[in-house]
Amino acid sequence: SMRILAEEEEVTADPEGEDAEESAAPHGVTPDQCTENELFCWFRCMPLDFEDSQLTHPSVCAERNLKLQCTSPRDEVVPNGDQHGDYYPGCTNSTDPPSAYPLIDQADEATCTDSLWEAFHASGEGYDHFVDLTHPMGDETYLMWSVLDNGVVKARLAHNNVFGFLSTGFANE
């Protein structure tokens with residue numbers, strides 16, 4: 001299971017009246033700076049005593065005959081914690097080292113022509129709304145959507161390039 005960790009931060013005012021961020025729990029940047037309730041992972045000391053510590057506490061891992069290690073969602077481990085990526089403290093007996101992500105086949109220029117792209121994004125067939133999200137210095141991006149009778153949103157995001165991360169959500173108004 002993947003875990004997302006965040007340090008608690010608080011905003012305090014300095015003597016000049018300007019806001020300054022201050023970490024409530026600063027963490028070390030070398031393994032020798034970690035306390036007994038931390039594991040050096042992803043180039044820093046990550047806390048082990050957060051809300052669901054039953055998943056990552058050393059004693060819980062031992063009860064499950066697993067080791068507490070710096071691991072990833074692909075069950076790869078970084079024994080010394082000095083690897084960049086999606087790593088977090090987790091219970092695993094894996095010995096697999098980090099590896100490159102598998103390559104994804106890219107668009108075939110013979111079948112993904114400019115005219116086919118134009119036809120694909122311009123059609124908007126079956127959608128009630130269309131918005132051009134293209135940045136002046138970016139690649140063409142369009143969002144088409146309809147709200148169906150049952151309240152379900154049917155949408156198509158068309159982007160004429162590749163991207164590594166996409167997130168969507170709805171405003172809570």
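Residues numbered from 1 in each chain as written. Predicted model: local features only at pLDDT ≥ 70, side-chain atom pairs only at ≥ 80, totals over all residues. Heavy atoms only, no water.

## With respect to the pairing of strand β9 (residues 153-159)
If a strand is regular, its side chains alternate between the two faces of the sheet.
Right, so step 1: Sheet topology note: the strand β8 (residues 141-147)/β9 ladder contains seven bridges and is antiparallel. Its bridge partner being in β9, methionine 144 is matched across the sheet by arginine 156.
Right, so step 2: Where β8 folds back onto β9 in an antiparallel hairpin, the turn is made up of five residues, including glycine 151, whose phi is positive at roughly 90°. (Pairing = 2+ DSSP bridges. Helix = DSSP H or I, 4+ residues; strand = E, 2+ residues; numbered from the N terminus.)

## Observations regarding the sheet that holds β9
Right, so step 1: The strand order across the open sheet formed by three strands is β7-β8-β9, and the pairing between neighbours is antiparallel. A single partner strand is all that each edge strand has here, and the edge strands are β7 (129-132) and β9. Going from strand to strand, the sheet's axes swing by 15° on average, the running direction of each strand aside.
Right, so step 2: Lying on the sheet, helix α2 (residues 114-123) is in contact with β7, β8 and β9; it crosses β9 at an angle near 150°. (Axes fitted to C-alpha atoms, helices over the stretch in contact; angles between N-to-C directions. Contact = heavy atoms within 4.5 Å.)

## Some words on the nonpolar core
Right, so step 1: By size, the foremost hydrophobic cluster in this structure holds seven residues: Leu39, Cys41, Met46, Leu48, Cys70, Val78 and Tyr87.
Right, so step 2: By size, the runner-up hydrophobic cluster in this structure holds five residues, among which are Trp117, Tyr127, Tyr142 and Ala158. (Core = buried A, V, L, I, M, F, W, Y, C linked by side-chain atoms within 4.5 Å. Buried < 20%, exposed > 50% of the residue type's maximum accessible area, 1.4 Å probe, protein only.)

## Some points on the state of the cysteines
Right, so step 1: Taken as a whole and assessed by the stated rule, the structure comprises three disulfides.
Right, so step 2: Paired by a disulfide, cysteine 41 and cysteine 70 hold their sulfur atoms 2.0 Å apart. Disulfide cysteine 41 to cysteine 70: torsion about the S-S bond roughly 70°, handedness right-handed. Highlighted residues: cysteine 41 in strand β3 (residues 38-41) and cysteine 70 in strand β5 (residues 67-71), separated in sequence by 29 residues.
Right, so step 3: Among the residues examined, cysteine 41 registers a relative accessible area of 0% and is labelled buried.
Right, so step 4: Note on cysteine 70: relative accessible area 3%, which makes it buried.
Right, so step 5: Each bonded cysteine of the protein is numbered by sequence order, and under that numbering the disulfide pairs are 1-3, 2-5, 4-6. (Disulfide = S-S within 2.5 Å.)

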